[in-house]
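What the coordinates show
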Amino acid sequence: MSNSNWPLWEIFIRSKNGLAHKHAGSLHAADAKMAIENARDVYTRRMEGVSIWVVRSADIVASAPADKDFLFDPANDKVYRHPTFYDIPPEVGHM
Amino acid sequence: MTQLQQFNYTIRLADDALILGQRLSEWCGHGPILEEDIALSNIALDYVGQATNLYKHASQLDTQKRDEDALALTRMEQEYNNILMLELPNGDYAATIMRQYFYSSFYLLFLDKLKTSNDSFLSGFAEKSIKELRYHVQHATDWVKRMGDGTEESHNRIQEAANQLWPYLGEMFGMDALESELASSGYAVDRSSLVEDWKKQCTALFDEATLAMPTEAWHHKGGREGRHTEHMGFLLAEMQFMQRAYPGAKW
């Protein structure tokens, strides 16, 4: 089977106790339905998850690593954005 | 209904699962694409797992008190009672997929009836196995559609596979004296009652996959009586080698 017609898909799996789908890897498939079945076979063999999202790799738009500085560094020294100056009553516990 | 009859029936189901699992495991490392290699290995493991459960249960019914490994791996060819289609060589991927569709679509209907057996082991076994089978059927169905309604080559290969396997399908629905008696007491499934539903599903799929239904009326049999094809000896030689070379080996 020629891979030239089989695009690459990124697979996201949510575990039974999880809240978010996490990136698990990638695989080739001819279309979305096959991608879900392949992901079930490849990435949930050991009960890693109960929900699968598949996205064509070509549809994913990522931030450029070279832009890391100006995108993320400014947030580093803005301590007032974190709610860390409150006294939390012991009854509330960890937030 | 005697314990020996229950044992013989359980052995039939176990042998079907084991022999199919063995054939499917031959694809491991040789699949046409990585994802299908893993898919078939998973499916093979499902069948070997079912076989393990069934042989364990058979072991409790066995008057010779053989354990599940002895039952699975040391009997002689004429003592295996699987149907012939499952011992055939895998052929190309289309042939494997066609056999998977034919057998798993039947077996899902069979398990659906088996879960109403008055035997608690068989009904429990059926409940558990149905979940595995639903995936097998979906996987095989999707591939039959893709190959049938695919390229000229894929269409020819899957049609040829359907033609070659057709005369082996009758044995899936066969009811001999043993199974007829066990079915009438509510222990076993009446396989012949599944023909209509199965034919309907198969016809619908063949239509969608643009395949022609074969019309050959003659069917192979003999597996249930221990009369196997020329392929069984080679399959057993590979499958039993380790157990016979190192009896009782553990790891």
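If you're wondering where the values come from, they're calculated on a predicted model, not measured in any experiment.

Description of the overall build of chain A
A count of helices and strands for chain A gives two helices and three strands. Counted from the first residue to the last, chain A has its helices and strands arranged as β-β-α-β-α. A compact globule built from 95 residues would reach a C-alpha radius of gyration of about 12 Å, whereas chain A, at 20 Å, exceeds it by more than 25%. Seen through its principal axes, chain A has C-alpha atoms that stretch 60 × 35 × 15 Å. Expressed as a percentage of the 95 residues in chain A, the buried residues total 16%. Of the contacts made within chain A by residues no fewer than 6 positions apart, 46% connect residues no fewer than 24 positions apart.

Topic: the sheet that holds strand β1 (residues 8-14) of chain A
All names here are of chain A. In spatial order, the strands read β2-β1-β3; together these three strands make up an open sheet with antiparallel pairing. Two strands lie at the open edges of the sheet, namely β2 (22-28) and β3 (51-56), each paired on one side alone. Averaged over neighbouring strand pairs, the angle between their axes works out to 30° when direction is ignored.

Comments concerning the packing of helix α4 (residues 93-114) of chain B against helix α6 (residues 152-165) of chain B
Residues and elements named next belong to chain B. Relative orientation of the contacting elements α4 and α6 amounts to 50°, with a least axis distance of 8 Å. Comparing the axis directions of α4 and α6 gives the class oblique. Regarding α4 and α6, the two cross each other, and that crossing is right-handed. Taken together, the residues of α6 that come into contact with α4 (itself represented by A94, A95, M98, R99 and F102) are S154, R157, I158, A161, A162, Q164 and L165.

A short note on the interface of chain A and chain B
The partner chain B presents eight residues to the eleven residues of chain A that form the contact. Residue assignment for the side of chain A that touches chain B shows that the elements contributing at least two residues are β2 and α1 (32-43) of chain A. Ranked by residue count, the leading element in the side of chain A that touches chain B is α1(A), at six residues. Here the residues of the side of chain A that touches chain B are counted per class, giving five nonpolar, two polar and four charged.

Comments concerning the nonpolar core
Counting 61 residues, the largest nonpolar core has B:A14, B:I97, B:M98 and B:V144 as the members making the most contacts within it. Looking at this core, the elements with two or more residues in it are α1 (3-25), α2 (34-61), α3 (68-73), α4, α5 (120-148), α6 and α9 (232-245) of chain B. Top element by residues in this core is α4(B). It accounts for 13 residues. What B:I97 contacts, discounting residues up to four positions off in sequence, is B:A140, B:W143, B:V144 and B:M147. The next biggest cluster of nonpolar side chains, apart from the first, holds ten residues, and it includes A:A24, A:L27, A:A29 and A:V54.

Here we look at the environment of B:Y135
Residues and elements named next belong to chain B. Turning to its location among the elements, Y135 is positioned in helix α5. Of the residues examined, Y135 has 17 C-beta atoms within 10 Å and is grouped as partly exposed. For the pair Y135 and S104, spaced 31 residues apart in sequence, the C-alpha to C-alpha distance is 9.4 Å.

A few points about the environment of B:L111
Residues and elements named next belong to chain B. With respect to the helices, strands and loops of the structure, L111 is situated in helix α4. Once the C-alpha coordinates of L111 and L122 are considered, the two residues, eleven residues apart in sequence, prove to be 9.2 Å apart. Discounting residues that sit within four places of it in the chain, L111 has contacts with A126, S129, I130 and L133.

A word on the pairing of β1(A)
Side-chain direction in a regular strand flips from residue to residue, so the side chains alternate between the two faces of the sheet. Residues and elements named next belong to chain A. Here β1 shows a clear split, with W9, I11 and I13 buried on one side and none of L8, E10, F12 and R14 buried on the other. The pairing of β1 with β2 spans six bridges and is classified as antiparallel. Bridge pairing in β2 places W9 opposite L27. In this sheet, β3 lies alongside β1 in antiparallel orientation, the contact comprising six bridges. Residue R14 lies in a different strand from β3, and its bridge partner there is S51.

Structural notes on α4(B)
Along its 22 residues, α4(B) runs 30 Å from first to last C-alpha, staying within 8% of the 32 Å computed at 1.5 Å per residue. In terms of residue burial, α4(B) counts as a mostly covered element, since 18 of its 22 residues are buried.

Structural notes on the confidence of the model for chain B
Residues and elements named next belong to chain B. For chain B, per-residue confidence averages 96 on the pLDDT scale, and residues scoring 70 or more make up 100% of the total. Within chain B, the element-level pLDDT minimum falls on α3, averaging 95, and the maximum on α4, averaging 98. Confidence metrics for the complex model read pTM 0.89 and ipTM 0.72.

Re the packing of α1(A) against α2(B)
Relative to each other, α1(A) and α2(B) sit at 65°, their axes nearing to 9 Å. For the crossing formed where α1(A) meets α2(B), the hand is left-handed. Of α2(B), the residues touching α1(A) (which contributes A:N38, A:D41 and A:V42) are B:E35, B:I38, B:A39 and B:N42. Residue classes in the contact of α1(A) with α2(B) are distributed as three nonpolar, two polar and two charged.

Procedures and definitions
- Residues numbered from 1 in each chain as written.
- Chains lettered and ligands numbered in written order.
- Predicted model: local features only at pLDDT ≥ 70, side-chain atom pairs only at ≥ 80, totals over all residues.
- Helix = DSSP H or I, 4+ residues; strand = E, 2+ residues; numbered from the N terminus.
- Rg over C-alpha atoms; globule rule 2.2 N^0.38 Å.
- Buried ≥ 20, exposed ≤ 12 C-beta atoms within 10 Å, placed from the backbone.
- Contact = placed C-beta atoms within 7 Å.
- Pairing = 2+ DSSP bridges.
- Axes fitted to C-alpha atoms, helices over the stretch in contact; angles between N-to-C directions.
- Parallel < 35°, antiparallel > 145°, perpendicular 65-115°, else oblique.
- Left-handed = near helix turned anticlockwise from the far one by under 90°.
- Nonpolar A, V, L, I, M, F, W, Y, C, P; charged D, E, K, R; others polar.
- Core = buried A, V, L, I, M, F, W, Y, C linked by C-beta atoms within 7 Å.
- Expected span 1.5 Å × (residues − 1).
- pLDDT = per-residue confidence, 0-100.

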